[in-house]
Amino acid sequence: QVRLAESGGGLVQPGGSLRVSCVVSGYPSSVDAMGWFRLAPGKERDFVAAITRSTGTIFYADSVKGRFTITRDDARNTVYHQKNSLKPGGSTVYYCAAGRTCDGTTSRLRTRYKYWGMGAQVTVSS
């Protein structure tokens, strides 16, 4: 069974940084893209970033460029993201997702990803 497990969420101070990881087990050969989505208070689940296994191509949402970094470790079947300059405003849940290969357009679509983690909650507060 395919499973995605996020870890590394928690409480951070405004302006701080946080690293969140996602480990994939039962990794299907059809999976190529690993993505991060977020669910902020009062908003829909939005695309944040994605990276492909085949080429290492990275896609970022415009809103997070410069303060969000996505990386992967193929040997560990793990994808990471690092968030910097975190803004206050409550709790946001970050979801790891896996699916078929994507491009700059399809990487932003939730329907492109077949497998999802349960989410990691990040709270930014002082």
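Our subject is the structure listed above.
Procedures and definitions
- Residues numbered from 1 in each chain as written.
- Predicted model: local features only at pLDDT ≥ 70, side-chain atom pairs only at ≥ 80, totals over all residues.
- Heavy atoms only, no water.
- Buried < 20%, exposed > 50% of the residue type's maximum accessible area, 1.4 Å probe, protein only.
- Helix = DSSP H or I, 4+ residues; strand = E, 2+ residues; numbered from the N terminus.
- Pairing = 2+ DSSP bridges.
- Salt bridge = Lys/Arg side-chain N within 4 Å of Asp/Glu carboxyl O.
- Disulfide = S-S within 2.5 Å.

The next subject is the pairing of strand 8 (residues 78–83). Of all six residues in strand 8, five are buried, a share of seventy percent or more. Bridge count for strand 3 (residues 18–25) against strand 8 is six bridges, and the pairing is antiparallel. Its bridge partner lying in strand 8, S21 is registered against Y80. By the bridge criterion, six bridges tie strand 7 (residues 68–73) to strand 8 in an arrangement that is antiparallel. Paired with F68 across the strands is K83, a residue of strand 8. Linking strand 7 back to strand 8 in an antiparallel pair, the connection comprises four residues, with N77 at a positive phi of about 50°.

What follows concerns the pattern of salt bridges. Enumeration according to the criterion identifies three salt bridges in this entry. Between D62 and K65 there is a salt bridge, with the nearest N and O atoms lying 3.2 Å from each other. In this pair, the class of D62 matches that of K65, namely exposed.

Attention now goes to the state of the cysteines. On inspection of all chains with the given rule, the structure shows one disulfide. Across the disulfide from C22 sits C96; the S-S distance is 2.1 Å. Around the S-S axis, the bridge from C22 to C96 shows a dihedral of about -85° and counts as left-handed. Of this pair, C22 sits in strand 3 while C96 sits in strand 9 (residues 90–99), placing them 74 residues apart in sequence. Pair check on accessibility: C22 and C96 agree, each one buried.

Remember that the coordinates give geometry; whether it matters functionally is a separate question.
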